[in-house]
Amino acid sequence: MAQQLFLLPFRQLVMESEDNYIAAIKEIACALVETTIRNVEEYFQTKHGAPLQEAEKYIAQNITWIPCQDFTIELGMKQIEEYISTWEFHESWLHCTDFLNEEEVEFSKLYHYRTRWSIPTRRKPIPRATACVYFTIQISKVKPLSLPVEVFFIFESTRLVHRPGQSRFREKWLKDIIESKLIMMENIIF
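Residues numbered from 1 in each chain as written. Predicted model: local features only at pLDDT ≥ 70, side-chain atom pairs only at ≥ 80, totals over all residues. Heavy atoms only, no water.

Looking up the chain in an unreviewed UniProt entry gives the name A-kinase anchor protein 14 isoform X1, with the organism given as Xenopus tropicalis.

This next bit is on the sheet that holds strand E2 (residues 108-118). Spatially, E1-E2-E3-E4 is the arrangement adopted by the four strands of the open sheet, whose pairing is antiparallel. One side of each edge strand has no neighbouring strand; the edge strands of this open sheet are strand E1 (94-104) and strand E4 (150-155). Each adjacent strand pair in this sheet contributes to an overall mean axis angle of 20°, direction not counted. Direction of pairing for strand E3 (residues 131-140) relative to E4: antiparallel, over a ladder of six bridges. What sits directly across from Tyr-134, in E4, is Ile-154. The strands touched by helix H3 (residues 73-84) are E1, E2, E3 and E4; relative to E1, the strand with the most contacts, the crossing angle is about 140°. With respect to the sheet, helix H4 (residues 171-187) is in contact with E2, E3 and E4, its orientation differing from that of E3 by roughly 125°. (Pairing = 2+ DSSP bridges. Helix = DSSP H or I, 4+ residues; strand = E, 2+ residues; numbered from the N terminus. Axes fitted to C-alpha atoms, helices over the stretch in contact; angles between N-to-C directions. Contact = heavy atoms within 4.5 Å.)

Bringing the side chain of Thr-97 into the picture now. Its place among the elements puts Thr-97 in strand E1. Engagement of the side chain of Thr-97 in a polar contact is seen with the side chain of Glu-81, the distance being 2.4 Å. Within polar-contact distance, the side chain of Thr-97 engages the side chain of Thr-115 at 3.1 Å. What Thr-97 contacts, discounting residues up to four positions off in sequence, is Met-77, Ile-80, Glu-81, Ile-84, Tyr-113, Arg-114 and Thr-115. (Polar contact = N/O pair within 3.5 Å; in protein donor to acceptor, adjacent residues only side chain to side chain.)

We now examine the pairing of E3. Counting buried residues in E3 gives eight out of 10 residues, a clear majority hidden from the surface. Strand direction decides the pairing type here: E2 and E3, joined by 10 bridges, are antiparallel. In the sheet register, Arg-116 faces E3, and the bridge partner there is Cys-132. (Buried < 20%, exposed > 50% of the residue type's maximum accessible area, 1.4 Å probe, protein only.)

As structure tokens, then:
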């Protein structure tokens, strides 16, 4: 028992020094991170002439979605087109939206749409590959019908779920899908 009483202050001293050690490491790490951020900001200011905060400011676009009680398949398609019009993409891109199906799950109804994207040209009016974006409009069976519909979408060949107003559209995502399809088609011999 006396031996345990003797070790108790020793253990407490070790714990205190360990806490001090961890606190010192955290302090040094924070200082390093702050210095790195400052250096990166200075680099961007000298290279691009604008502070990083101005270059990084971007609000993901969104629209006012209709309430669940007013939803129709056609209106859902119009709202998707309205939302797509907020995206920034080159004028050479063409797209069309189609309704795919309606799915009933336990607490909601899901309406699935597909938007196909392509860049037709005069030489190739029929594109060799297209990129698809799949939209889902969710109508809740348990929430009040006066609430807006919930919308989410994914890009073909990806699993990342995007929500309007939370993620910014990148034209590169469509280009990557088409390029990967063209590369795959080049490797298939008929």
